[in-house]
Amino acid sequence: MALPTHRVARTAWRANNFADGDRSIPEETAIAFTYDGTSYAVMMATPRDLEDFACGFSLTEGIVSSIDEIEHLQIVETEIGIELRMWLAEPRRAAFGERRRRLAGPTGCGLCGIESLTEAVRPPPVVPDGQLFTPRDIVRALESLPRSQTINRETQAVHAAAFWEPASGLVASREDVGRHNALDKLGGALARDGITGGAGMVLLTSRVSVEMVQKTAVIGVSVIVAISAPTALAVRTAEAAGITLVAIARGDGFEIFTHPRRISKERVAHVA
């Protein structure tokens, strides 16, 4: 599969001189989500893994509680973007009709356009206990991530969200110009493959803002490991959701912000 990238001419300043050349950069496309003929959201995103994006976004936004409630998905490419047209099964179709809204989200923004403050800071679901992980697990997980970042390896310009298990290693990884889009795609990939999140952790190459915690809680994963730092609201939300939030994670260490009981020096099968 060809990477969603484009080569452009550029002039670089290095070694005290200008040099002409080119660089690979990621594509960015307007992706419209429609349900039963009604426009719901337009996100700027990487035009790849669109079935995963449709399913994951629908789950984390609460449009559906299971991908089985999406009766049909049609991907329609137009001159100005891509439409993800979905038709919902009853009674979900009727429920959606009662909560229709519009959302326009630029790159990197997962909450733009939400109509109320209550919806923006909605309480997250509480995640299952999951299992314990060791510091070595976290290091191994982080070490496995770059190999799956094919777009970022070429462009150095996209985020990744991945799911890692001690027994299986890196189970799934998705990339996108938007960090929340990458996480939605990951959630959709796991749901489509019937993978539950209790045995693994979510890896993020971005900062941890509140919507990243909310989406992880909906996906059902109890541990987040991120390379960058969290916001204060993200920490409070992770605490409320029962999520173990590990951030500023590097090969030589990390910081645990919430529910540290899941990170143990010794291997334990699960949290009692």
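What you see is a predicted model; the values in this text were computed from it and never measured.

Participant: Quick question: what am I supposed to make of the pattern of salt bridges here?
Facilitator: When their charged atoms lie close together, side chains carrying opposite charge are able to pair. Inspection of every chain in the model, using the stated rule, returns 14 salt bridges. One salt bridge in this structure joins R174 and D49, with 3.8 Å as the shortest N-O distance. Highlighted residues: R174 in strand β9 (residues 169-176) and D49 in the loop between β4 (38-45) and α1 (50-60), separated in sequence by 125 residues. The class of R174 is buried, set by a relative accessible area of 18%. In this structure D49 comes out as partly exposed when scored by relative accessible area, which is 24%. Each of D49, D52, R174 and R192 takes part in salt bridges that share partners, so that together they form one network.

Participant: How do you make sense of the pairing of strand β11 (residues 223-226) when you look at a structure like this?
Facilitator: As a general feature of sheets, a regular strand has side chains that alternate between the two faces. Here β11 shows a buried face lined by V223 and V225 and a second buried face lined by I224 and A226. This β-α-β element, strand β10 (residues 201-204) to helix α7 (residues 210-219) to β11, shows right-handed connectivity. The pairing of β11 with strand β12 (residues 244-250) spans 3 bridges and is parallel. Note on β12: the bridge partner recorded for V223 is T244.

Participant: What should I look at first to understand the packing of aromatic side chains in this one?
Facilitator: Aromatic ring pairs are reported here in terms of the distance separating the ring centres and the angle at which the planes meet. Inspection of the entire model under this criterion finds 8 aromatic pairs. Their ring planes at 85 degrees and their centres at 5.8 Å tell us that Y35 and Y40 sit as a pair that is edge-to-face. Y40 sits in the buried class, given a relative accessible area of 0%. Between Y40 and F57 the ring centres are 6.1 Å apart and the planes differ by 75 degrees, which places this aromatic pair in the edge-to-face class.

Participant: Mind showing me how you'd approach the packing of α1 against helix α6 (residues 179-192) here?
Facilitator: The relative placement of two packed helices comes down to the angle between their axes together with the axis-to-axis distance. For the pair α1 and α6, interaxial distance at closest approach is 6 Å and the crossing angle is 95 degrees. Here α1 lies roughly perpendicular to α6, going by the angle between them. Of α6, the residues touching α1 (which contributes E51, D52, F53, C55, G56, F57, L59 and T60) are N181, D184, K185, G187, G188, A189, A191 and R192. Looking at the contact of α1 with α6 residue by residue, the class counts come to 6 nonpolar, 5 polar and 5 charged.

Participant: Teacher, can you tell me more about the side chain of T60 here?
Facilitator: Summarising the element assignment, T60 is placed in helix α1. Accessibility expressed as a relative area gives 3% for T60, which makes it buried. Within the local environment of T60, its side chain forms a polar contact with the side chain of K215, the two groups lying 3.1 Å apart. Once residues within four sequence positions are removed from consideration, T60 is found in contact with R122, D184, K215, V218 and I219.

Participant: Explain the confidence of the model for the protein chain to me, please; I cannot follow it from the model alone.
Facilitator: Predicted coordinates in areas of low pLDDT are best not read in detail. Confidence along the protein chain averages 92 in pLDDT terms, with 90% of residues attaining 70 or more. Taken as a whole, residues 101-106 scores under 50 in pLDDT and shows 27 contacts with residues more than four places along the chain or in a different chain.

Participant: Whenever I open this one, the sheet that holds β11 confuses me. Can you help?
Facilitator: Strand pairing within a sheet occurs via backbone hydrogen bonds; the two strands may be parallel or antiparallel. Across the sheet, which stays open at both edges, the 6 strands sit in the order β9-β8-β10-β11-β12-β13 with mixed pairing between neighbours. In the strand order of this sheet, the two ends are held by β9 and β13 (253-258), each with one partner. Strand-to-strand, the axes of this sheet are offset by a mean angle of 20 degrees, without reference to chain direction. Here 4 bridges tie β12 to β13, and the two strands are oriented antiparallel to one another. By the bridge assignment, V246 is partnered in β13 with I256. This element, helix α8 (residues 232-241), spans β12 and β13 of the sheet and lies at about 65 degrees to β13.

About the cut-offs
- Residues numbered from 1 in each chain as written.
- Predicted model: local features only at pLDDT ≥ 70, side-chain atom pairs only at ≥ 80, totals over all residues.
- Heavy atoms only, no water.
- Salt bridge = Lys/Arg side-chain N within 4 Å of Asp/Glu carboxyl O.
- Helix = DSSP H or I, 4+ residues; strand = E, 2+ residues; numbered from the N terminus.
- Buried < 20%, exposed > 50% of the residue type's maximum accessible area, 1.4 Å probe, protein only.
- Right-handed = clockwise from strand over helix to strand, strands pointing away.
- Pairing = 2+ DSSP bridges.
- Phe/Tyr/Trp six-rings, centres within 6.5 Å; stacked < 30°, edge-to-face > 60°.
- Axes fitted to C-alpha atoms, helices over the stretch in contact; angles between N-to-C directions.
- Parallel < 35°, antiparallel > 145°, perpendicular 65-115°, else oblique.
- Contact = heavy atoms within 4.5 Å.
- Nonpolar A, V, L, I, M, F, W, Y, C, P; charged D, E, K, R; others polar.
- Polar contact = N/O pair within 3.5 Å; in protein donor to acceptor, adjacent residues only side chain to side chain.
- pLDDT = per-residue confidence, 0-100.

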